[in-house]
Amino acid sequence: MKKIYHLSSCSTCQRILGEVGAVEKGVKLQDIKSEPIMPAQLDEMKALSGTYESLFSRRSMKYRPMGLHEKTLTENDYRDLILQEYTFLKRPVAIIGKKIFVGNDKKTVEALKNELAG
């Protein structure tokens, strides 16, 4: 499977999709705002990444207003929050075969680009 979960209104996601040539390489795209993540999809991401926390974005605009920075969150909390609010998913998340690429840091994007080229 080749799939990327992204946010169409996120300029960083759009830049990365173009940079890795996702559309040209036949990757299935899922805009998490218009097509919410299903629990089974999130569980699959967790199985590949190891933890729900690794999929959680503390950069979300709702993180501080909800007081989450003052709480100790559990794995179940991370899972529930991501399912409740799409902005809590660290983006983009790409699943290529049995490999997962989470987030937009340079090394991750480069690894994703190499995986799609290979």
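Conventions we followed
Residues numbered from 1 in each chain as written. Predicted model: local features only at pLDDT ≥ 70, side-chain atom pairs only at ≥ 80, totals over all residues. Heavy atoms only, no water. Phe/Tyr/Trp six-rings, centres within 6.5 Å; stacked < 30°, edge-to-face > 60°. Helix = DSSP H or I, 4+ residues; strand = E, 2+ residues; numbered from the N terminus. Buried < 20%, exposed > 50% of the residue type's maximum accessible area, 1.4 Å probe, protein only. Salt bridge = Lys/Arg side-chain N within 4 Å of Asp/Glu carboxyl O. Axes fitted to C-alpha atoms, helices over the stretch in contact; angles between N-to-C directions. Parallel < 35°, antiparallel > 145°, perpendicular 65-115°, else oblique. Left-handed = near helix turned anticlockwise from the far one by under 90°. Contact = heavy atoms within 4.5 Å. Nonpolar A, V, L, I, M, F, W, Y, C, P; charged D, E, K, R; others polar.

Student: How do you make sense of the packing of aromatic side chains when you look at a structure like this?
Tutor: Pairs of aromatic rings are described using the distance from one ring centre to the other and the angle between the two planes. Under the definition given, this model contains three aromatic pairs. Judged by centre distance (5.0 Å) and plane angle (15°), the ring pair of F56 and F88 falls under stacked. Of this pair, F56 sits in the loop between helix 2 (39-49) and helix 3 (75-84) while F88 sits in the loop between helix 3 and strand 3 (93-96); the two residues are 32 residues apart in sequence, bridging distant segments of the chain. Given a relative accessible area of 0%, F88 falls into the buried group. Within the aromatic cluster, the residues linked to one another by ring pairs are F56, Y63, Y78 and F88.

Student: What is the right way to read the pattern of salt bridges from this model?
Tutor: Charged atoms that come close allow side chains of opposite charge to pair. Taken as a whole, this structure holds six salt bridges when the rule is applied. The salt bridge partner of R15 is E19, with a shortest N-O separation of 3.0 Å. With R15 and E19 both in helix 1 (residues 11-20) and four residues apart, this pair spans about one turn of that helix. Classification of R15 by relative accessible area gives partly exposed; the value is 46%. Put simply, R15, E19 and K113 are held in one network by salt bridges that share partners.

Student: What's the story with the packing of helix 2 against helix 3 in this structure? I'm lost.
Tutor: In a packed pair of helices, the relevant descriptors are the angle between the two axes and the axis-to-axis distance. In contact at an axis separation of 10 Å, helix 2 and helix 3 are set at 135° when each is read in the N-to-C sense. By the angle between their directions, the pair helix 2 and helix 3 is classed as oblique. Relative to helix 3, helix 2 is oriented so that their crossing is right-handed. On helix 3, the residues touching P39, L42, D43 and K46 of helix 2 are E75, R79, I82 and L83. By residue class, the composition of the contact of helix 2 with helix 3 is four nonpolar, no polar and four charged.

Student: Teacher, can you tell me more about the environment of M38 here?
Tutor: In this structure, M38 sits in the loop between strand 2 (28-31) and helix 2. Judged by relative accessible area, M38 falls into the partly exposed class, the value being 45%. Spatially, the C-alpha atoms of M38 and L83 are 7.4 Å apart, while their sequence positions differ by 45 residues.

Keep in mind that these numbers describe shape and distance, not what the molecule does.
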